[in-house]
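So the chains spell out like this:
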Amino acid sequence: MNVPFQDLKTQYRDLKTEIDEAVVRVMDSSAFVLGPAVAEFEQAFASYCKSDNAIAVNSGTSALHLALLAAGIGPGDEVITVPFTFVATVAAIYYTGARPAYVDIDPQSFTMDPSRIEAAITPRTKAILPVHLYGQTADMDPILEIARRRNLRVIEDAAQAHGAEYKGRRAGSMGDMGCFSFYPGKNLGAYGEGGAVTTNNKEYAKTIRMLRDWGSEKKYFHKLQGYNYRMEGIQGAVLRVKLRYIEQWTEARRAHALEYGRLLGPAGVVIPQAKDYARHVYHVYAVRTPHREAWQNALTAAQIQSGIHYPIPVHLQDAYREPEYSEGSFPASESAASEVLSLPMFPEMTNEQIAYVSSVVAAQHAARTIA
Ligand SMILES: *Cc1c(COP(=O)(O)O)cnc(C)c1O
């Protein structure tokens, strides 16, 4: 057997007729940038996220950048976030001229530990940027409470959390703004790059709409210094089709996680913990082991693809080193970075594939527990 990390070809084959028709419609209309296909997707995605507005952009990174700008963040400001994330979360903060102030993660959920936020707040702090890593939201109630009390904005990095829920509330609908990525491998993926900002705030929505399109209120009237961050028509059309299937795909991911847990939990493998508050959407299914390299080699030898999300926390990346942070600054993030191993996880997976992957992982665990 051969198990890929994900399988976008099978997904396309299943939806080929619908997707092809939607793409051809865009080409016939020649509305290649923004246009009706994107507008239609924005409406549908806002409603899916239980948010009043969704503004489509050309990547998740652009979504984060514009959300931070709309919140008024710029040079001299600090944004509280976690070092255990994809680098884009932090890059977007630097794009604005602001700097990240890191807090460590909760080692069980891999998301921001709210009990560490207060100590990181300074007079320069403007916002908190929690990351809903792997498809599970951060513990939002205490984050929102601190933000309210200290007058900080909250921007959710929901790039891995389409449809995830916190106590019944959708990712992207709880903070001032939510940022999504539609990179092809994400739970809702375009056929190219894509992203969106969700918000219940009309002013933020208006600002982001202008910023993504050269800061223009109407064509050639530039109110703000903006960007070319527009979504392409074809991506809007593909995403509109795929949005109809996301609940079905999410339920499949959740069922696969349950099946992995049923096979790996009793074998003693450290499996992902879904918090009581969470509807976890399992963008990534990460197990933990101090013997990661050996496990990954065994998986590769068995023709099973795996991944590491992420091997180096951002505060230890060459490009993002800051004098105030070093090895040991964030023990939970650093330990997670050295131990997490992502197993194949995609909606089209079969129980046979899950059983096969689990047998290799359980054998690795058993071998090293006895020895
Ligand atoms: C994918 C991702 C992003 C960036 O999205 P792009 O669409 O690749 O720009 C940001 N944050 C997190 C947590 C991500 O996983």
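I will try to describe carefully the structure that is included in this document. Note that residues are indexed from 1 along each chain, following the sequence as it is written. Two thresholds apply to this predicted model, a pLDDT of at least 70 for residue-level local features and 80 or more for giving and counting side-chain atom pairs, whereas whole-chain, interface and lining totals are computed over all residues. Hydrogen atoms and water are omitted, and side-chain values are computed over all heavy atoms in the structure.

What follows deals with the packing of helix H2 (residues 35-48) against helix H7 (residues 233-243). To get an axis, fit a line to the C-alpha atoms, keeping to the stretch in contact for a helix; angles then go from 0 to 180 degrees between the N-to-C directions. Runs of E in the DSSP output that reach at least two residues are strands. Runs of H or I that reach at least four are helices, and both are numbered from the N terminus. In the contact formed by H2 and H7, the axes pass within 8 Å of each other and the chain directions differ by 35 degrees. In the crossing of H2 with H7, the sense of the turn from one axis to the other is left-handed. Counting all contacts with H2, which are made through Ala-37, Val-38, Glu-40, Phe-41, Ala-44, Phe-45 and Tyr-48, the residues of H7 involved are Gly-233, Gly-236, Ala-237, Leu-239, Arg-240 and Leu-243. When grouped by side-chain class, the residues that make up the contact of H2 with H7 number 9 nonpolar, 2 polar and 2 charged. By definition, turning the near helix anticlockwise from the far helix through less than a right angle yields a left-handed crossing, and turning it clockwise yields a right-handed one. We call two residues contacting when some pair of their heavy atoms lies within 4.5 Å. Residue classes follow a fixed rule: Ala, Val, Leu, Ile, Met, Phe, Trp, Tyr, Cys and Pro count as nonpolar, while Asp, Glu, Lys and Arg count as charged, and any other residue, Gly among them, counts as polar.

With their axes 9 Å apart at the nearest point, helix H3 (residues 60-70) and helix H6 (residues 202-211) run at an angle of 125 degrees to one another. What the angle tells us is that H3 and H6 run oblique. You can see that H3 and H6 cross each other, and the crossing is right-handed. Seen from H3, the contacting residues are Leu-66, Ala-67, Leu-69 and Ala-70; seen from H6, they are Tyr-204, Thr-207, Ile-208 and Leu-211. Across the contact of H3 with H6, the residue classes break down as 7 nonpolar, 1 polar and no charged. Orientation is classified from the angle alone, with under 35 degrees giving roughly parallel, over 145 giving roughly antiparallel, 65 to 115 giving roughly perpendicular, and any other angle giving oblique.

Any pair of Phe, Tyr and Trp rings, taking the six-membered ring for Trp, is counted once the centres come within 6.5 Å. Such a pair is stacked with planes under 30 degrees apart, edge-to-face with planes over 60 apart, and tilted for the rest. All told, the structure shown has 19 aromatic pairs when counted by the stated rule. Their ring planes at 20 degrees and their centres at 4.9 Å tell us that Tyr-227 and Tyr-229 sit as a pair that is stacked. Per-residue accessibility, obtained with a 1.4 Å probe over protein chains only, is compared with the maximum for each type, and a residue is labelled buried under 20%, exposed over 50%, and partly exposed between these values. Of the residues examined, Tyr-227 reaches a relative accessible area of 26% and is grouped as partly exposed. Site record: aromatic cluster; members linked through ring pairs are Phe-41, Phe-45, Tyr-48, Phe-180 and Phe-182. As a reminder, the over-ring test applies to NZ of lysine and CZ of arginine, requiring each to be within 6 Å of the ring centre and within 35 degrees of the ring normal. Positioned over the ring face of Tyr-48 is Arg-170, at 4.6 Å from the centre of the ring. It is Lys-218 that lies over the ring of Phe-221; its NZ or CZ is 4.6 Å from the centre.

Definition of nearness: a residue and a molecule or strand are near each other if at least one heavy atom of the residue lies within 4 Å of the molecule or strand. Among the 16 residues in the neighbourhood of the ligand, the closest are listed as Gly-60, Thr-61, Gln-160, Ser-181 and Lys-186. Measuring from an oxygen atom of the ligand, one finds a side-chain N or O atom of Gln-160 at 2.8 Å. Accessible surface area values rest on a Shrake-Rupley calculation with a 1.4 Å probe, where residue burial reflects the displayed protein chains alone. Relative to its free-state accessible area of 380 Å², the ligand is covered by the protein chains to the extent of 93%. Here the ligand occupies the largest pocket. For the purposes of these results, a polar contact is taken to be a pair of N or O atoms within 3.5 Å, where, inside protein, one atom must be able to donate a hydrogen and its partner to accept one; residues adjacent in sequence count only when each atom of the pair is a side-chain atom. A pocket here means an open set of points on a 1 Å grid, computed over the protein atoms alone, that has protein on both sides within 12 Å along at least five of seven lines. A cavity is instead a set of points where a 1.4 Å probe fits but cannot get out; residues with an atom within 4 Å of a point line either one. By definition, a pocket or cavity contains a molecule when more than half of the molecule's atoms lie within 2 Å of the pocket's grid points.

Once that is clear, we can look at unusual backbone geometry. In this structure, the amide linkage connecting His-309 to the following residue, Tyr-310, adopts the cis form with an omega of 10 degrees. Backbone geometry places Lys-50, a non-glycine residue, at a positive phi of 55 degrees. On the secondary structure map, Lys-50 appears in the loop between H2 and strand S1 (53-57). Even without being a glycine, Gln-303 presents a positive backbone phi close to 65 degrees. Tracing the backbone shows Gln-303 in the loop between helix H9 (292-301) and helix H10 (331-339).

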